[in-house]
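Topology and contacts: notes
Each chain, written out:
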Amino acid sequence: MARLFLGLDSSTQSLSAIVIDLDTRQVVYEASLNFDKTFPHYKTNNGTLRSSDPLVIHSPPLLWVEALDALFTTMKNEGVALGDILAISGSGQQHGSVYLNNRAEEALKNLNPARSLKDNLKHCFARETAPIWMDSSTTVECAEIRRALGGVKKVVQATGSDTFERFTGPQIRKFSKRDPDGYEETVSIALVSSFMASILAGRIAPIDHGDGAGMNLMDIKKRVWHAGAVKATAKDLRKKLPALVESGKVIGKVSPYFAQKFGLNPGALAVVWSGDNPCSLIGLGLLEEGLIAISLGTSYTYFGLMKRCQTDERGEGHVFGAPTGDYMTLICFKNGSLARERIRDMYSLDWDSYNAALTSTKPGNGGAILLPWFEPEIVPRVTRPGLRRINLDDRDAAANCRGMVEAQMMSMRLHSAWMKVKPRQILATGGGSVNVPVLQIMADVLNCPVARIEISKSAALGAALRAAHAYCKQAGKPAKWKEIVAGFTDPIPGSEIKPNKKAVAVYNKLIKTYAKDEQAALAAIR
Ligand code: XUL
């Protein structure tokens, strides 16, 4: 019998599944259900519900429930050997919260396979919709919690991140203030990850240390609920929070609902879910300190594992628990590929000519600096956006193309220094990673080899690998993480780009100029 493991990913726009065969090291099945297309009756837009307030962004949890039923139906119809699945885990978009009432626990325990999951669970919510990570309506609550805990530095040291609008604590506080009755009716608050895990396990599931760290409620060092943060967030909150557990925790067997309805192995283990970023850490094989992933998407993210818990006292970056029991960091730079595209369009170029401009210009750009904050920036915090040029001629298209990419890479180097982890190998992923000249600048500025990795469902894969790791441990045959991920997370062969020594020397100097110019620009804005 094959040893199969299922990883699910409940993301903003879709629910995905990956099944891996641990013996052949193959992904044997992949599927994805797009929420807008598959469930138009929820009237979501990219999986979200909008209101008249553009800062408020929610999703309907019943949609996720219906999607879980539909995905299992698809897997059954497509002949997935569900009877051979030994364990299931999952990944959830981080920070989003689901508010369950006093009927939830019983309903989860007694899921009736003769009815749909939606029918089983439709009366279990104390709040119809779930605020998700895109919601930025809690600035007031962020300030209140930050003040109660003694300022940015204190919050960061306590919870791993400054208070952020999308984080769960500020969202809970807002709900408790705006709808005290709904809050009162709430018996248990779940994250997207623990909510989905609750359905699979047939009971209120715990929250893992990875996703728990995205709430501004967990003591990042002790990995327990932080009494001060809980108190500063909302009244009686402690009672409404489930247990915090390590990411490898087996919750129990999967609910009989799934065995009876879809033929899932009734002995399959339900493993606690985690957030999409901690799951991607595993799905990209970032198991050692110094292995860093840089995702070049609309925004850029920089993430990697940390052995020792360092926090960013400026309050820009985040620290989450890693599924390995270590820590991980996540730093989001909002002005990513979209900003590069703005420069491309400004000079009427296409990507080929943009890349040609990068290869025809010299590292360091003759000391010219560009600060590319087209949109309000997260890292560093920029509330008044705008493009700024220092010693840079706006008529020189090629120098502007280079200045753009150098600035993004220097910003990553500067604003990841707090981790005290020197990158040894960078894995570049996301749409922008096909541009080799961009990766050369990345390698030169960060003084580190860069390889490309293309795993489109890294979060779902990470979840499947986490399920396999937890299963082996439970079966009394614990395996090293390296053994679990071997063969699943390899970079694209031959894609490695080495740093150029001369260019590295140029950037080691230029980074100081960049830091000074950035500081001056920020001082002028604030
Ligand atoms: C991380 C974050 C997003 C969500 C959705 O802090 O907000 O990455 O996890 O993917």
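Treat the numbers as computed from the prediction; the structure is a model and nothing was measured.

**Thoughts on the packing of helix α16 (residues 351–360) against helix α18 (residues 436–446)**
Packing of α16 against α18 leaves a shortest axis separation of 8 Å and a crossing angle of 40°. Judged by the inter-axis angle, α16 sits oblique to α18. Side by side, α16 and α18 meet where Asn355, Leu358 and Thr359 of the first sit next to Pro437, Val438 and Ile441 of the second. Of the residues belonging to the contact of α16 with α18, the class tally is 4 nonpolar, 2 polar and no charged.

**Looking at the site of the ligand**
Within the structure, the ligand sits among Gln94, His95, Trp133, Arg166, Asp276, Asn277 and Leu330. A distance of 3.0 Å is found between an oxygen atom of the ligand and a backbone nitrogen or oxygen belonging to Gln94. Within the side chain of Arg166, an N or O atom sits 2.8 Å from an oxygen atom of the ligand. Notes on the ligand: free accessible area 290 Å², of which the protein chains cover 86%. Each residue belonging to the shell around the ligand can be placed in one class, and the counts come to 2 nonpolar, 3 polar and 2 charged.

**Here's the deal with the packing of aromatic side chains**
Applying the stated criterion to the full structure yields 10 aromatic pairs. With a centroid separation of 5.6 Å and 35° between ring planes, the pair formed by Phe164 and Phe167 is classed as tilted. Given a relative accessible area of 8%, Phe164 falls into the buried group. Overall, Phe167 belongs to the buried group, its relative accessible area being 0%. An aromatic cluster of at least three residues, connected via ring pairs, comprises Phe72, Tyr257, Phe258 and Phe262. One residue, Arg127, lies across the ring of Tyr99, its end atom 4.9 Å from the ring centre. In this arrangement the basic side chain of Arg223 is found over the ring face of Tyr327, its NZ or CZ atom lying 4.4 Å from the centre.

**Notes on helix α15 (residues 337–346)**
Within the span of α15, buried status applies to Ser337, Ala339, Arg340, Ile343 and Arg344. All buried residues of α15 project into a common sector of 160° when viewed along the axis, lining one side. Just downstream of α15 lies Ser348, where phi reads positive at about 50°.

**Structural notes on the packing of α15 against helix α17 (residues 397–415)**
It is the contact of α15 with α17, at a shortest axis distance of 10 Å, that shows an interaxial angle of 170°. Considering their axes alone, α15 and α17 lie roughly antiparallel with respect to each other. Note on element contacts: α17 touches α15 through Asn400, Cys401, Met404, Val405 and Gln408, opposite Ala339, Arg340 and Ile343.

**A few points about the sheet that holds strand β18 (residues 327–333)**
Strand order in the open sheet made by the 6 strands is β17-β18-β16-β15-β21-β22, with mixed pairing throughout. Sheet topology places β17 (318–321) and β22 (450–452) at the edges, where each strand pairs with a single neighbour. Averaged over all adjacent pairs, the angle separating strand axes in this sheet is 25°, with direction ignored. Lying over the sheet, α17 contacts β15 (291–296), β16 (300–306) and β18, oriented at roughly 145° with respect to β18.

**A word on the pattern of salt bridges**
Taken as a whole and assessed by the stated rule, the structure comprises 21 salt bridges. Arg402 serves as the salt-bridge partner of Glu406, at 2.9 Å between the closest nitrogen and oxygen. Here Arg402 and Glu406 lie together in helix α17, a separation of 4 residues that amounts to about one turn. With respect to class, Glu406 is no different from Arg402; both count as buried. Look at the salt bridges and you will find they share partners, linking Glu141, Glu144, Arg173 and Lys177 into a network.

**Some thoughts on the environment of Thr361**
Structurally, the position occupied by Thr361 is in the loop between α16 and β19 (369–373). Given the relative accessible area of 16%, Thr361 is considered buried. Separated by 38 residues in the primary sequence, Thr361 and Ala399 have C-alpha atoms spaced 6.9 Å apart. The contact partners of Thr361, leaving out residues within four places of it in the chain, are Ala398, Ala399 and Arg402. At 3.2 Å, the side chain of Thr361 and the backbone oxygen of Leu358 are in polar contact.

Conventions and cut-offs
Residues numbered from 1 in each chain as written. Predicted model: local features only at pLDDT ≥ 70, side-chain atom pairs only at ≥ 80, totals over all residues. Heavy atoms only, no water. Axes fitted to C-alpha atoms, helices over the stretch in contact; angles between N-to-C directions. Helix = DSSP H or I, 4+ residues; strand = E, 2+ residues; numbered from the N terminus. Parallel < 35°, antiparallel > 145°, perpendicular 65-115°, else oblique. Contact = heavy atoms within 4.5 Å. Nonpolar A, V, L, I, M, F, W, Y, C, P; charged D, E, K, R; others polar. Near = heavy atom within 4 Å. Polar contact = N/O pair within 3.5 Å; in protein donor to acceptor, adjacent residues only side chain to side chain. Areas by Shrake-Rupley, 256 points an atom, 1.4 Å probe, with all protein chains shown as cover. Phe/Tyr/Trp six-rings, centres within 6.5 Å; stacked < 30°, edge-to-face > 60°. Buried < 20%, exposed > 50% of the residue type's maximum accessible area, 1.4 Å probe, protein only. Lys NZ or Arg CZ within 6 Å of the ring centre and 35° of its normal. Arc of directions from axis to C-beta. Pairing = 2+ DSSP bridges. Salt bridge = Lys/Arg side-chain N within 4 Å of Asp/Glu carboxyl O.

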